[in-house]
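The primary structure of each chain is shown beneath.
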Amino acid sequence: MSIVSPFRLALEPEAFQLLGGCTEILRRLSDMRDFFADEQAVERVLTSDDPVIYEFWKGECESSGGGVSYGLTRIHPGTVGREYHMTKGHFHTKDGDEIYVVVEGRGLLLLQTREGEGRTVEMTPGHMVYVPTGWAHRTVNTGDAALIFLSIWPPGVGHDYGTVARYGFPQLVVQGADGPMVVRSPSFQGGLMG
Ligand code: S6P
Ligand code: ZN
């Protein structure tokens with residue numbers, strides 16, 4: 001393991017893009033067919049466009065202290081059908097807690113356990129959210145502008161997207177007449193997830 005030097009980085013996509021060793025991941029609508037609830041709305045949009053829903057940049061500091069992984073995510077504003085743009089969401093495959101720090105925009109963090117217990121936490125600039133081990137997490141942009149947040153987690157935890165693709169989350173965040181509404185997902189079965 002190498003020891004890295006101290007460094008300072010602006011919480012802006014451009015700064016992460018320029019940082020050597022950072023990986024850029026782009027998620028387009030076509031990558032998220034199994035994640036949005038309204039399959040017809042997904043296919044309707046895809047007939048003419050394949051928009052970027054979100055992108056994130058991640059890096060890792062290795063050190064004798066165990067190191068740290070970090071990432072910056074930007075979710076573009078918008079909806080697919082009535083459902084707001086969001087990340088795929090994942091369980092960590094090994095025990096590992098995570099901290100999210102909201103930089104700009106507004107949204108909701110959806111959390112769930114493998115037993116199907118759900119929680120919803122508001123994400124607003126200047127606030128952090130703690131994601132304990134065992135809770136899958138998905139971020140939803142409910143605002144009119146990009147939602148940008150920093151995440152910090154232990155290296156090597158791994159990301160399980162398949163369970164979320166198969167079972168979904170108990171909550172859907174949809175556009176209502178008076179703004180965002182959190183509703184129970186009609187397709188969510190509950191029970192123990194794989
Ligand atoms: C990593 C952390 C975030 C997400 C990112 C994209 O543990 O939770 O950096 O990777 O927000 O979301 P997703 O669900 O596509 O990984
Ligand atoms: Zn995570």
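The structure under discussion appears in the preceding block.
Below, the structure is looked at part by part. (Residues numbered from 1 in each chain as written. Chains lettered and ligands numbered in written order. Predicted model: local features only at pLDDT ≥ 70, side-chain atom pairs only at ≥ 80, totals over all residues. Heavy atoms only, no water.)

**Details of the pattern of salt bridges**
Filter applied, for reference: The working definition used for a salt bridge is a side-chain nitrogen of Lys or Arg within 4 Å of a carboxyl oxygen of Asp or Glu. A run of H or I in DSSP counts as a helix once it spans at least four residues, and a run of E counts as a strand once it spans at least two, with each numbered from the N terminus. For every residue, the accessible area obtained with a 1.4 Å probe (protein chains only) is divided by the maximum for its type, and the residue is called buried under 20%, exposed over 50%, and partly exposed between those limits.
Across all of its chains, the model carries five salt bridges by this definition. Residue Glu122 pairs with Arg106 through a salt bridge whose shortest N-O separation is 3.7 Å. Here Glu122, found in strand S9 (residues 118-123), pairs with Arg106, found in the loop between strand S7 (98-104) and strand S8 (107-112); they are 16 residues apart in sequence, far enough to count as distant. A residue is classified by how much of its surface remains accessible, and Glu122, at 54% relative accessible area, is exposed. A residue is classified by how much of its surface remains accessible, and Arg106, at 43% relative accessible area, is partly exposed.

**Overview of empty space enclosed by the protein**
Condition: The definitions used throughout rest on a 1 Å grid laid over the protein atoms alone, on which a cavity is an enclosed set of points accommodating a 1.4 Å probe that cannot get out and a pocket is an open set flanked by protein within 12 Å on both sides along at least five of seven lines; lining residues are those having an atom within 4 Å of a point. Grid points are joined across faces, edges and corners, and a volume is the space filled by probe spheres set on the points. For this scheme, ten residues count as nonpolar: Ala, Val, Leu, Ile, Met, Phe, Trp, Tyr, Cys and Pro. Four count as charged, namely Asp, Glu, Lys and Arg, and the remainder, Gly too, count as polar.
Inspection of every chain in the model, using the stated rule, returns one cavity of 30 Å³ or more. For the largest cavity, the calculated volume is near 240 Å³. For the largest cavity, the lining is made up of 20 residues, of which Phe56, Thr73, His90, Tyr100 and Tyr161 are closest to its centre. Secondary structure elements with two or more residues in the lining of the largest cavity: strand S2 (52-61), strand S3 (68-75), S7, strand S11 (136-141) and strand S12 (147-153). A class-by-class count of the residues in the lining of the largest cavity yields six nonpolar, nine polar and five charged.

**Some points on the site of ligand 1**
The cut-off we apply is this: One heavy atom within 4 Å of a molecule or strand makes the whole residue count as near it. Pairs of N or O atoms within 3.5 Å make up the polar contacts considered here, provided that, within protein, one atom can donate a hydrogen while the other can accept it, and that residues adjacent in sequence are counted only when both atoms are side-chain atoms. Accessible areas in this description were obtained via Shrake-Rupley with a 1.4 Å probe; residue shielding takes into account the shown protein chains only. More than half of a molecule's atoms lying within 2 Å of a cavity's or pocket's grid points is what places that molecule inside it.
In the vicinity of ligand 1 lie 17 residues, with Tyr54, Glu98, Tyr100, His159 and Tyr161 positioned nearest. A distance of 2.8 Å is found between an oxygen atom of ligand 1 and a side-chain nitrogen or oxygen belonging to Thr73. A distance of 2.9 Å separates an oxygen atom of ligand 1 from a polar side-chain atom of Ser151. Considering ligand 1 on its own, with 400 Å² of exposed area, one finds that the protein chains cover 99% of that surface. Cavity membership is defined here by more than half of the atoms lying within 2 Å of grid points; on that basis ligand 1 lies in the largest cavity. A per-element tally of the shell around ligand 1 places S12 first, with three residues. Classifying every residue of the shell around ligand 1 gives six nonpolar, eight polar and three charged.

**Things to note about helix H2 (residues 39-46)**
Under the convention used in this document: The directions considered for the arc run from the helix axis to the C-beta atoms. In this analysis, two residues are considered to be in contact whenever any of their non-hydrogen atoms come within 4.5 Å of each other.
Taken together, the buried positions of H2 are occupied by Ala41, Val42 and Leu46. Along the long axis of H2, the arc covered by the buried residues comes to 135°, so they all point the same way. Among the exposed residues of H2, those oriented more than 90 degrees off its buried face are Gln40 and Arg44. Looking at the buried side of H2, the elements it contacts are strand S4 (79-80).

**Details of the coordination of the zinc ion (ligand 2)**
Threshold: Counted as coordinating are nitrogen, oxygen and sulfur atoms within 2.8 Å of the metal, or 3.2 Å for Na, K and Ca, while water is not included, which may make sites look incomplete.
In the first shell of the zinc ion (ligand 2), the protein supplies His90 (NE2), His92 (NE2), Glu98 (OE) and His137 (NE2), at 2.1 to 2.2 Å from the metal. Written as a sequence motif, the donor arrangement for the zinc ion (ligand 2) is H-x1-H-x5-E-x38-H. Of the two residues, His92 and Glu98, both sit in the buried class.

**Description of the sheet that holds S9**
Keep this limit in mind: In this scheme, strands are said to pair when DSSP sees at least two bridges between them. A fitted line through C-alpha atoms serves as each axis, taken over the contacting stretch for helices, and the angle formed by two N-to-C directions is quoted from 0 to 180°.
Ordered in space as S9-S8-S11, the three strands form an open sheet in which the pairing is antiparallel. Since the sheet does not close on itself, it has two edges, and those belong to S9 and S11, each with one partner. Each adjacent strand pair in this sheet contributes to an overall mean axis angle of 20°, direction not counted. The pairing of S8 with S11 spans six bridges and is classified as antiparallel. What sits directly across from Leu110, in S11, is Arg138.

**Quick notes on the side chain of His85**
With respect to the helices and strands, His85 occurs in the loop between strand S5 (83-84) and strand S6 (91-92). When near neighbours in sequence (up to four residues on either side) are disregarded, His85 contacts Phe36, Ile53, Ile75, His76, Pro77, Gly78, Thr79, Val80, Thr139, Val140 and Asn141.

**Some words on the layout of surface pockets**
In this structure, the largest pocket spans a volume of roughly 300 Å³. Around the largest pocket, the lining is made up of 19 residues, and of these Asp34, Phe35, Phe36, Ala37 and Ser187 lie nearest the centre. Counting residues per element, the lining of the largest pocket draws most heavily on helix H3 (residues 162-167), at four residues. Across the lining of the largest pocket, the residue classes break down as 10 nonpolar, three polar and six charged.

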